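Coordinate inspection notes
So the chains spell out like this:
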Amino acid sequence: MSYKDVWILGEQEEGQVKLVSYELLKRGRALADKLGVDLAAVVLGKKIGKNGIRELIYRGADKVIIVEDPALEFFLPEPYVNTIEDLVNKYRPEIFIASATTTGRTVAPALAIKCNAGLTADCTGLDIEEETGNLIQTRPAIGGNILATIKTPNHRPQMATVRPHSNKPLESDASRTGEVIYETVDQARLKSRLKRLEFKQNEEEGGNIQDAEIIIAGGKGFKKDDNFKMVHDIAAILNGAVGATRDAVDLGWATYPHQIGLSGKTVSPKLYIAAGISGSVQHLAGIKTSETIIAINNDPEAQIFQVADFGIVGDLFEILPLFKQKLQAVKKGQETEEIQGA
Amino acid sequence: MKVIVPIKQVPETSNVKMDPVTGTMVREGVEPIINPLDLYAIEEGVRLKEQRDGEILALSMGPPKAMTAIKEAIAMGCDDGILLSNKAFAGADTWATSYVLSQAIKKTGEFDLILCGERATDGDTGQVGPGIAAWLDIPFSTYISKIIEVKEKSIVIERMVETGYEILEIETPCLLTVVKEINYPRLPSLRGKQRARKMENQTWGPIDVDAKPENLGLKGSPTQVVKISKPQVTRNGQLLKPRDEKEIEGAVDRLIDFLKEKEIV
């Protein structure tokens, strides 16, 4: 049997299909259309909500393959890898894409070994080579200094992970239809030598940077801990999350979950404001896919200005307080308008 | 407790320069170092040894000069080191690399724990750790930010995920990849450096690890790099350079207008 179709690995939490699943569908849809094949979403969990399954179809899936079992409630490598391996062996997709989340980046490399498949991490671009139908994968490497184009000519499925939030999902289209398949897996395959004991939710101030639409981030330019509060103030006004460079985290001004860059998180918000950030290659690699980048820095030669859509060269201690004040005024004005308008 | 730490030698990438014409890395003056994220794995291994006796083996696949990485790991507190180096290994992707490392681990006998860095700073994949576990068919976990307790036949760990921390218990032998939150790596000690200098170099090739020739190097790698290019990052945005208080005010006003245009405020 030959290999056919494009698969994406959906993710769920408490039975709710997560946003990254829909993001992957957009990537997968483009590939499936080029190849003229079906796009399937695979979701594993204890019980998957019907709305989520419908939404997967509305947002691009032709097929949804669901495996439900209490052993799959939370992500554990062994039952997840075994289950997907069995599905891959049964259906033989030619392309398999997962999100480069902590789940995807854990499942995919083990699965690639089990399925004797090639895997490319953290792709920023996926395309189909016209002559061969091979998957063309593009990814940054060496600290974001190069872009490598990678192929997997002789192994199937061709596997890739894609950075979460590096693209938006397709619009939901309620006229779309698709097939929902419920699969079961041998209980022996669901055994795990790793057990989940408990979960501690992040209760950090400043929000989750990977889900944020707006991020304001600070670097060494803030000079000391006290000054970093300005980042939080402006984030609060814009309803955004707080980000930090590696330097700022190493200096203790922000905690590691807020670190942006190759050694921290890759983000792709609608708006990224970089204040007092010079823009090391590592940091730039973590923000490049942001829709809009604003930079404020006192060094006109700073690299950050290379990627900025709007930049101000100047002292952030003069600019930010003024920016904060004017932002507050604008927000206040809008609230008044809304009240008057109502 | 026997701990194995697979490490990688990488170019020091934080100050890397690219040749603007060829788009390749300028290697002159770029010092090879132990992958910075592997230092956390070495440190955690050394700490476990200090708490409860045992031995740590550093393992690396790379060119002959990667022996310096093995020596550095020994200087930090590893007891022994083996370099997997052979022309046949060259050009391996993560699939072929994890295969060779897993074969070498099989050769070194029983172990309790394999500790890996989260990923290497050059390739940036994070795939070799889980790959080794898959080849060896042992339980594994990733993004470990704390080893909470080492028990007789299991280890309680904390795993950092997007929304918080999972507390997990894993049976040994197992493989864990660790994140930088886990510890502060120590510097090599003088005594360690002396020990590393005196230690005999151990280099293994394909026959030493019973490797299948078809699984090795570039030929054994499912993925193939077909092109290297220079990323285009420049956005040609507008850049304001206010010179006095009044111009700063003007610049901030234009910034606010820009945000309005983008429908952010």
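So, how was this worked out
- Residues numbered from 1 in each chain as written.
- Chains lettered and ligands numbered in written order.
- Predicted model: local features only at pLDDT ≥ 70, side-chain atom pairs only at ≥ 80, totals over all residues.
- Heavy atoms only, no water.
- Contact = heavy atoms within 4.5 Å.
- Salt bridge = Lys/Arg side-chain N within 4 Å of Asp/Glu carboxyl O.
- Polar contact = N/O pair within 3.5 Å; in protein donor to acceptor, adjacent residues only side chain to side chain.
- Helix = DSSP H or I, 4+ residues; strand = E, 2+ residues; numbered from the N terminus.
- Pairing = 2+ DSSP bridges.
- Axes fitted to C-alpha atoms, helices over the stretch in contact; angles between N-to-C directions.
- Domains from an automatic or database assignment.

Moving on: the interface of chain B and chain A. Tallying the contact residues gives 81 residues for chain B and 89 residues for chain A. If you look at where chain B meets chain A, you find seven salt bridges. Here A:Lys200 and B:Glu158 are joined by a salt bridge, their closest N and O atoms 3.2 Å apart. Where chain B packs against chain A, one counts 37 residue pairs in polar contact (both at pLDDT 80 or more). Put simply, the parts of the chain that give the side of chain B that touches chain A at least two residues each are helix H3 (94-107), helix H4 (128-136), strand E7 (140-150), strand E8 (154-161), strand E9 (164-171), strand E12 (224-229), strand E13 (238-240) and helix H6 (245-261) of chain B. For the side of chain B that touches chain A, the element with the most residues is H6(B), which contributes eleven residues. Alignment of strand E13 (residues 194-201) of chain A against E9(B), held across seven bridges, turns out to be antiparallel. Counterpart to A:Leu194 in the pairing with E9(B) is B:Ile170.

A few words now on the sheet that holds strand E18 (residues 310-313) of chain A. If you trace the six strands from one edge of the open sheet to the other, you get E15(A)-E14(A)-E16(A)-E17(A)-E18(A)-E13(B), paired in parallel fashion. Each end of this open sheet is capped by a strand with a single partner; those strands are strand E15 (241-244) of chain A together with E13 of chain B. Adjacent strand axes in the sheet meet at a mean angle of 15° when their direction is disregarded. Sheet analysis places strand E14 (residues 214-218) of chain A next to E15(A), joined by four bridges and oriented parallel. Following the sheet pairing, A:Ile215 is matched in E15(A) by A:Ala241. Along the sheet face, helix H5 (residues 229-238) of chain A touches E14, E15 and strand E16 (271-275) of chain A and points at about 170° away from the line of E14(A). The strands touched by H6(B) within the sheet are E16, strand E17 (292-297) and E18 of chain A together with E13 of chain B, with E18(A) carrying the most contacts at an inclination of about 165°.

To continue, consider the domain arrangement of chain B. In many analyses, interface size is given as the accessible surface area lost on bringing the parts together. As far as domains go, chain B holds domain 1 (2-215) and domain 2 (234-265). Here the C-alpha centroids of domain 1 of chain B and domain 2 of chain B sit 47 Å apart.

It is worth spelling out unusual backbone geometry at this point. Of the consecutive residues A:Arg156 and A:Pro157, the connecting peptide bond is found in the cis state with omega at -5°. In this structure, A:Pro157 sits in the loop between strand E10 (146-151) and strand E11 (158-162). Backbone torsion omega between B:Thr172 and B:Pro173 reads -5°, so that peptide bond is classified as cis. Looking at the secondary structure, you find B:Pro173 in the loop between E9 and strand E10 (174-178). Even without glycine at this site, A:Glu14 takes up a positive phi of about 50°. Looking at the element boundaries, A:Glu14 is found in the loop between strand E2 (12-13) and strand E3 (16-17).

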